[in-house]
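Each chain, written out:
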Amino acid sequence: MRTERVGERLRASVALVFVAIAMALAMGRPGTALAAETAATNVPDANGAISGFLGTSETVEGWTAPDGRQLTAYYLNVGQGDSELVVLPDGETMLIDASTADQGAGIVDYLSALGVTRIDHMVVTHGDADHVGGMSRVLDSVQTGDIWMPSASVSDTKTCMGFLQDVDAHGMQINDAVAGSVIASGDGFSVEVLSPSANATADSTNDASAEVLVRYGVTSFLFTGDASTQETDACEPDHVDVLKVGHHGSKTSTDPTLARQLTPEISVIECGAGNQYGFPTEQALDALRAVGSAVYCTADNGTVQVTTDGATIAASCDVAGTVEAGAETKTSVPTLASEASAIASANAAAAPAAADAATAPAAPVTTEQVAAAPAAEPEATAPAAEPAAVPADDAGDDETVYITDSGKKYHAAGCRYLKHSSHPISKSQAQAEGYQPCSVCNP
Ligand SMILES: [Zn+2]
Ligand SMILES: [Zn+2]
């Protein structure tokens, strides 16, 4: 089967890549000053959007950040999909996922606005279109160091295959991301893969998601991709400070047991405003808030930024506001593209002062700031039902395709066969109902 063959190829390439990495390390590579550059971009955006701040106040004995270095994670506002940028304390960058193909250009613009000219570590959690879709655009536009993806999560879809071909075309290879893989490490920090296990044969691409734990000082950030609660449970995770909530806030990825295990101070959900899946679900929000977590969601809050010096954590977002379940109540927030241009113009205006801003320490976290965090009371709305038509495993990962009144094929938007009738449907649903892909538009 095609998927297995690709998986074998991925595995076979791992040894070669390790050799390449060892050589690169031996040769040394000039460091970058990204941490400083990106710190300077933490300015109010052109729309006058406010930042809500929130901090944890762990008392830390004996931890001092080397040279006051910070780690920043950006949870990008990329519609119905995931993408996170992590700027590590040594200035190296890691991009985890790149949402759907139509978000690729916006992500590239955002990286450029932040002054990020190189992705040192590209991580694809799994082969679904809402995670890998924009990655080819990034790979084509931004210098990339190494690439990580679980071979078990490769899917036989046009989008995923297209990415693998693009990696090939760039003469690059993919490191198999499995439990125990160390993507990066340095003074006081590490980036480690917790899941899937090396011999995993997951039932779904979601459950083969790479789950990545980033530690700096005494702080920890967990990125879960679309893994279900069972998969995250199986990692036997401890408390984490910051959680990228699994699967866009679906009820299959967050439950009270997992929330109690992780007790995140800050939870970030990435999903699209008005998404058709009812993300984030009331169940996930309730479970997180029940353990006292502040909850951010890109659909409500825009891009969310979390910064730590290894001891204290501060979160900010583009739009303050309480996260509510479901799609119906969503109003639109600034798109990633408008955020990128806002950052670019703010940087241009602030250019002479940038050096000062870059070295300024993060604002101290106070109880006032904690109080300014999004309100934690669950809304008294009825639980949002996820549409029954979409299998839970695939919800949120599907491309939308179109069917006609009488045809037996499904089509990409704009196909000439859609002239007379056209009804949107998720690709998995179309396939489940026996529709075949159109050979003209090749959806
Ligand atoms: Zn997925
Ligand atoms: Zn997804």
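See the structure printed just above.
Residues numbered from 1 in each chain as written. Chains lettered and ligands numbered in written order. Predicted model: local features only at pLDDT ≥ 70, side-chain atom pairs only at ≥ 80, totals over all residues. Heavy atoms only, no water.

Let's talk about the overall build of the protein chain
Consideration 1: The helix and strand inventory of the protein chain stands at 14 helices and 20 strands.
Consideration 2: Counting across all 443 residues of the protein chain, residues that qualify as buried make up 53%.
Consideration 3: A fraction of 70% describes how many contacts in the protein chain between residues 6 or more apart in sequence connect residues 24 or more apart. (Helix = DSSP H or I, 4+ residues; strand = E, 2+ residues; numbered from the N terminus. Buried < 20%, exposed > 50% of the residue type's maximum accessible area, 1.4 Å probe, protein only. Contact = heavy atoms within 4.5 Å.)

Notes on the side chain of Gln80
Consideration 1: Mapped onto the fold, Gln80 is located in the loop between β2 (71-75) and β3 (84-87).
Consideration 2: Separated by 2.9 Å, the side chain of Gln80 and the backbone nitrogen of Gly272 make a polar contact. (Polar contact = N/O pair within 3.5 Å; in protein donor to acceptor, adjacent residues only side chain to side chain.)

Examining the nonpolar core
When a protein is soluble and globular, its nonpolar side chains tend to lie buried together.
Consideration 1: Counting 35 residues, the largest nonpolar core has Leu85, Ile107, Ile119, Met135, Val138 and Phe163 as its most contacted members.
Consideration 2: Looking at this core, the elements with two or more residues in it are β3, α3 (104-114), β5 (118-123), α5 (135-141), β6 (143-149), α6 (158-169) and α11 (336-350).
Consideration 3: At 6 residues, the largest contribution of residues to this core is made by α3.
Consideration 4: For Leu85, the contacting residues outside a window of four places in its chain are Thr72, Ala73, Tyr74, Thr93, Met94, Leu95, Leu111, Leu114, Val116 and Ile119.
Consideration 5: Counting 31 residues, the second largest nonpolar core, distinct from the first, contains Val86, Ala184, Phe189 and Val304. (Core = buried A, V, L, I, M, F, W, Y, C linked by side-chain atoms within 4.5 Å.)

Considering the environment of Val212
Consideration 1: Tracing the chain through its elements places Val212 in strand β10 (residues 211-216).
Consideration 2: Among the residues examined, Val212 registers a relative accessible area of 0% and is labelled buried.
Consideration 3: Along the sequence, Val212 and Ile183 sit 29 residues apart, while their C-alpha atoms lie 9.1 Å from each other.
Consideration 4: Here Val212 is in contact with Val123, Val191, Glu192, Phe221, Leu222 and Phe223, once residues within four sequence places are set aside.

With respect to the packing of aromatic side chains
Consideration 1: This model, assessed by the stated rule, comprises 4 aromatic pairs.
Consideration 2: Summarising the aromatic geometry, the rings of Tyr74 and Tyr110 are spaced 6.3 Å apart at their centres and angled 75° between planes, so their arrangement reads as edge-to-face. Of this pair, Tyr74 sits in strand β2 while Tyr110 is found in helix α3, placing the two residues 36 residues apart along the sequence. (Phe/Tyr/Trp six-rings, centres within 6.5 Å; stacked < 30°, edge-to-face > 60°.)

So, unusual backbone geometry
Consideration 1: Residue Ser195 is joined to Pro196 through a cis peptide bond whose omega torsion reads 5°.
Consideration 2: Mapped onto the elements, Pro196 comes out in the loop between β9 (189-195) and β10.
Consideration 3: The phi torsion at Asp67 lies on the positive side, around 55°, for a residue other than glycine.

A closer look at the environment of Asp90
Consideration 1: Structurally, the position occupied by Asp90 is in the loop between β3 and β4 (93-96).
Consideration 2: Note: C-alpha distance between Asp90 and Ser185 (95 residues apart in sequence) is 9.3 Å.
Consideration 3: From its side chain, Asp90 meets the backbone nitrogen of Glu92 in a polar contact 3.0 Å long.

A closer look at the pairing of strand β17 (residues 400-403)
Consideration 1: Covered by surrounding structure in β17 are Val401 and Ile403 only, the residues Thr400 and Tyr402 on the alternate face being uncovered.
Consideration 2: Here β17 pairs with strand β19 (residues 423-426) via 4 bridges, running antiparallel. Bridging across to β19, Val401 finds its partner in Ile425. (Pairing = 2+ DSSP bridges.)

A look at the sheet that holds strand β12 (residues 242-244)
Consideration 1: The 7 strands are arranged β8-β9-β10-β11-β12-β13-β14 in an open sheet whose pairing can be described as mixed. The open sheet has two free edges, formed respectively by β8 (182-186) and β14 (294-297), since each of these has just one partner strand. Averaged over all neighbouring strand pairs, the angle between strand axes comes to 15°, with direction disregarded.
Consideration 2: For strand β13 (residues 266-269) and β14, the ladder comprises 4 bridges, and the chain directions are parallel. Paired with Val268 across the strands is Tyr296, a residue of β14. (Axes fitted to C-alpha atoms, helices over the stretch in contact; angles between N-to-C directions.)

Things to note about helix α9 (residues 282-290)
Consideration 1: Listing the buried residues of α9 in full gives Glu282, Ala284, Leu285, Ala287, Leu288 and Arg289.
Consideration 2: At its buried positions, α9 is contacted by β12, α8 (256-262), β13 and β14.
Consideration 3: One or two steps after α9, the chain reaches Gly292, where phi turns positive at roughly 85°.

Examining α6
Consideration 1: Its 12 residues place the ends of α6 16 Å apart at the C-alpha level, agreeing with the 16 Å of an ideal helix rising 1.5 Å per residue.
Consideration 2: For α6, the full list of buried residues reads Cys160, Met161, Phe163, Leu164, Asp166 and Val167.
Consideration 3: Downstream of α6 by a residue or two, Gly171 has a phi angle that is positive, lying close to 70°. (Expected span 1.5 Å × (residues − 1).)

Details of the pattern of salt bridges
Pairs may arise between side chains of opposite charge once their charged atoms sit close together.
Consideration 1: For the structure shown, the criterion picks out 3 salt bridges.
Consideration 2: In this structure, Asp67 engages Arg69 in a salt bridge whose closest nitrogen and oxygen atoms are separated by 3.6 Å.
Consideration 3: On the accessibility criterion, Asp67 (70% relative accessible area) is exposed.
Consideration 4: In this structure, the salt-bridge partner of Lys244 is Asp82, at a minimum N-O distance of 2.7 Å. (Salt bridge = Lys/Arg side-chain N within 4 Å of Asp/Glu carboxyl O.)

Regarding the side chain of Ser136
Consideration 1: Here Ser136 lies in helix α5.
Consideration 2: The class of Ser136 is buried, set by a relative accessible area of 17%.

Here we look at the pairing of strand β15 (residues 304-308)
Consideration 1: In terms of burial, β15 is largely enclosed, as 5 of its 5 residues are buried.
Consideration 2: Pairing of β2 with β15 involves 5 bridges; the strand directions are antiparallel. In the strand pairing of β15, Ala73 is matched with Val306.
Consideration 3: Looking at chain direction, β15 and strand β16 (residues 313-317) are connected through 5 bridges and run antiparallel.

Looking at the environment of Thr257
Consideration 1: Looking at where Thr257 falls in the secondary structure, it is placed in helix α8.
Consideration 2: Thr257 sits in the partly exposed class, given a relative accessible area of 45%.
Consideration 3: Thr257 sits 24 residues away from Asp233 along the chain, and the two C-alpha atoms are 8.9 Å apart.

By themselves these figures say nothing about function.
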